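Read off the chains here:
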Amino acid sequence: MKEFKFIELLKPSSVPSPEGIGDDAAVLGNNLISMDIMAEGTHFTFEAAVEDVLNHPFVSNLSDMAAMGGKVAPYKALFGVSVPEEYDKVMISKALAKLSKAYNVTIIGGDTVTSKDGAFFALTIIGEKGERILTRNTAQKGDVVFVSRPLGAGKYALQRKSGVLGGKPDINYKFEAETALGEFLGSFDGVTACIDISDGLGMDLSHIANDSGVKIIVDYDKVPVAKIPLPERDKLEFALSSGEEYALAFTVSADKADTLEKEVKAKLKREIYRVGSTESGDRCWLRKKDGTLLDISRIGYEHR
């Protein structure tokens, strides 16, 4: 059973969004809480550098905070680890200390246990909610759809590293959570919905579309593509399907879109990118050059 079907089975045990299952982070009082896990054999190999492995749940969790409009503030965390005896626990502790300092996260507890086979890391980060909580189920018909930065480099770097494209990685791709932008979007009352891109643009926008009851149309020529050395015919596919980008995708009421762009440029000194719009219907679609629509709701990566 794939990830999203399993999540649907869990929803009856929860409460409606934003306190329950359905968004990037959970809301508890004034806090946002997010959890990410890394399992050997699924997410990494024994040979992987432990700092690189542990960096992933830090970035993933902070990206979830950003997608909910959370504040950029000191964070607290619970760390869970299960490793075999042969693992270098001193190296794990040093990597954890380095990353905690870098991301302003204080480890306040957790659990450890010895594993008979393979390593498992779990990180739960507790942050503070911003002025407004951003969710996936509040996009409206007629909204403008934005993404926060060019896409595709994450998938390209991963495929170079894994040997799918051959050779060694020729770009230095660093996962980064959009924490400053997320807090800003949470303070702007024209933003109607938000999600982080962890599975692919098409797949993640389909969550907003389905949860909000709208149809999202992404325009072929508006998708910002990272500078990756691929044939032109492949670049857009990478931009649409690249998971673990940790960019933000969000919808904004049409009458506030221009103002948002200007304020982001003036206050954050950066760009955001219009990629489409919402209308009546469902799912996420790519409008091709000839005007025909291609369903891209399942383009991306889904865990099993």
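As the structure is a computational prediction, the values presented were derived from the model and not from experiment. Counting restarts for each chain, with residues numbered from 1 along the sequence as it is written. Local features in this predicted model are restricted to residues of pLDDT 70 or higher, and side-chain atom pairs are both shown and tallied only at a pLDDT of 80 or more, whereas totals for entire chains, interfaces and linings draw on every residue. To get the side-chain values, take all heavy atoms of the structure and skip hydrogens and water.

Enquirer: Tell me about the nonpolar core, and name the residues and values.
Expert: Among buried residues, those of type Ala, Val, Leu, Ile, Met, Phe, Trp, Tyr and Cys that are joined through side-chain atoms within 4.5 Å constitute a nonpolar core. Burial classes: relative accessible area under 20% of the type maximum marks a residue as buried, over 50% as exposed, and values in between as partly exposed (1.4 Å probe, protein chains only). Judged by nonpolar contacts, the single largest core of 27 residues is most densely connected at L54, F79, I92, F121 and I125. The secondary structure listing takes helices from DSSP runs of H or I that are at least 4 residues long and strands from runs of E that are at least 2 residues long, numbered from the N terminus. When residues of this core are traced back to their parent elements, those giving at least two are β2 (31-39), α2 (50-67), β3 (75-83), α3 (89-102) and β5 (120-128). Per-element tally for this core: the top contributor is α2, with six residues. The contact rule is simple, with two residues in contact once any of their heavy atoms fall within 4.5 Å. Not counting the four nearest positions on each side in its chain, I125 is found in contact with L32, I33, S34, F58, N61, L62, M65, Y75, K76, A77 and V105. In this structure, V145, I197, A209 and V223 belong to the second largest nonpolar core, which totals 24 residues.

Enquirer: Explain α2 residue by residue, including any values.
Expert: With 18 residues, α2 ought to run about 26 Å at 1.5 Å a step, and its terminal C-alpha atoms sit 26 Å apart, in line with that. Of all the 18 residues making up α2, 16 are buried; the element is thus mostly covered by neighbouring parts of the structure. Two residues or fewer after α2 comes G69, characterised by a positive phi angle close to 80°. Given a helix with a known number of residues, its expected span is that number minus one, times 1.5 Å.

Enquirer: Could you give me a rundown of the packing of aromatic side chains, with the residues and numbers involved?
Expert: Two rings from Phe, Tyr or Trp (for Trp, the six-membered ring) form a pair when their centres sit within 6.5 Å of each other. Planes less than 30 degrees apart are called stacked, planes more than 60 degrees apart edge-to-face, and all others tilted. Overall, the coordinates contain five aromatic pairs when judged by the stated rule. Centroid distance F58 to Y103: 5.7 Å. Interplanar angle 20°. Geometry classified as stacked. Of this pair, F58 sits in helix α2 while Y103 sits in the loop between α3 and β4 (105-114), and the two are 45 residues apart along the sequence. Exposure remark for F58: the relative accessible area of 1% places this residue in the buried category. Seen in terms of ring centroids, F146 and F250 are 5.5 Å apart; in terms of plane orientation they differ by 5°. Their pairing is stacked. Here the residue F146 occupies a position in strand β6 (residues 144-147), and F250 occupies one in strand β9 (residues 248-252), the gap between them amounting to 104 residues.

Enquirer: Lay out the environment of S253 with the relevant residues and their values.
Expert: Here S253 shows up in the loop between β9 and α8 (257-268). Note: C-alpha distance between S253 and V144 (109 residues apart in sequence) is 6.2 Å. Ignoring any residue separated from it by four or fewer positions in sequence, one finds S253 in contact with D143, G190 and T192.

Enquirer: A description of the layout of surface pockets should follow, citing residues and the corresponding values.
Expert: Empty space among the atoms can be located by rolling a probe the size of a water molecule over them. In this structure, the second largest pocket encloses a volume near 260 Å³. Only protein atoms enter the calculation, which uses a 1 Å grid: trapped sets of points that fit a 1.4 Å probe without letting it out are cavities, open sets showing protein on both sides within 12 Å along at least five of seven lines are pockets, and any residue with an atom within 4 Å of a point is a lining residue. If you go around the second largest pocket, you meet 13 residues; those closest to its centre are R149, K174, F175, E176 and A177. Just so you know the grouping, Ala, Val, Leu, Ile, Met, Phe, Trp, Tyr, Cys and Pro go in nonpolar, Asp, Glu, Lys and Arg go in charged, and all remaining residues, Gly too, go in polar. A class-by-class count of the residues in the lining of the second largest pocket yields seven nonpolar, one polar and five charged. Grid points are joined across faces, edges and corners, and a volume is the space filled by probe spheres set on the points.

Enquirer: Can you tell me about the pattern of salt bridges, naming the residues and giving the values?
Expert: Should a side-chain nitrogen of Lys or Arg be within 4 Å of a carboxyl oxygen of Asp or Glu, the pair is scored as a salt bridge. Within the structure shown, the criterion is met by 18 salt bridges. Between D24 and R136 there is a salt bridge, with its nearest N and O atoms 3.4 Å apart. Placement of the pair is D24 in the loop between α1 (3-10) and β1 (26-28) and R136 in the loop between β5 and β6, with a sequence separation of 112 residues. Both residues of the pair, D24 and R136, count as buried. E178 is the partner of R270 in a salt bridge, and the nearest nitrogen-oxygen pair spans 2.6 Å. In this pair, R270 is assigned in the loop between α8 and β10 (273-279) and E178 in the loop between α4 (153-162) and α5 (179-186), connecting sequence segments 92 residues apart. Through salt bridges that share partners, R149, E178 and R270 make up one connected network.

Enquirer: Kindly report on the sheet that holds β10, identifying the contributing residues and their values.
Expert: Pairing in this open sheet of seven strands is mixed, and the strands run β7-β9-β6-β10-β8-β11-β12 from one edge to the other. The open sheet is flanked by β7 (191-196) and β12 (293-295), the only strands paired with a single partner. Ignoring strand direction, the axes of neighbouring strands in this sheet form an average angle of 30°. We call two strands paired when DSSP finds no fewer than two bridges between them. Note: β6 against β10, four bridges, orientation antiparallel. Paired with V147 across the two strands is Y273, which belongs to β10. Axes, fitted as lines to C-alpha atoms, cover a helix only where it is in contact. Angles between the N-to-C directions of the axes lie from 0 to 180 degrees.

Enquirer: Provide a residue-level description of unusual backbone geometry, including the pertinent values.
Expert: Positive phi values are uncommon outside glycine, yet N104 reaches one of about 60°. The exposure class of N104 is partly exposed, given its relative accessible area of 42%.

Enquirer: Would you mind going over a nonpolar patch on the surface in detail, with residue names and values included?
Expert: On the surface, M35, I37 and F120 cluster together to form a nonpolar patch covering roughly 280 Å² of accessible area. Tracing the sequence through the fold places M35 in strand β2. Taking relative accessible area as the criterion, M35 reaches 54% and is therefore assigned exposed. Candidates for patches are residues over 30% relative accessible area with no salt bridge; among them, like charges are joined within 9 Å and nonpolar side chains (Val, Leu, Ile, Met, Phe, Trp, Tyr) within 5 Å. Using a 1.4 Å probe, accessible areas were evaluated by the Shrake-Rupley method; residue-level cover was limited to the displayed protein chains.

Enquirer: Explain the sheet that holds β3 to me, and be specific about the residues and the numbers.
Expert: The five strands are arranged β1-β2-β5-β3-β4 in an open sheet whose pairing can be described as mixed. Bordering the open sheet on either side are β1 and β4, each of which pairs with just one other strand. Going across the sheet, the axis of each strand differs from the next one's by a mean of 20°, ignoring polarity. When β3 meets β5, the two strands line up antiparallel, connected through seven bridges. Among the inter-strand pairings, A77 is bridged to a residue of β5, identified as I125. Packing against the sheet, α3 makes contact with β3, β4 and β5, and its axis sits at approximately 160° to β3.

Keep in mind these numbers describe shape, not what the thing actually does.
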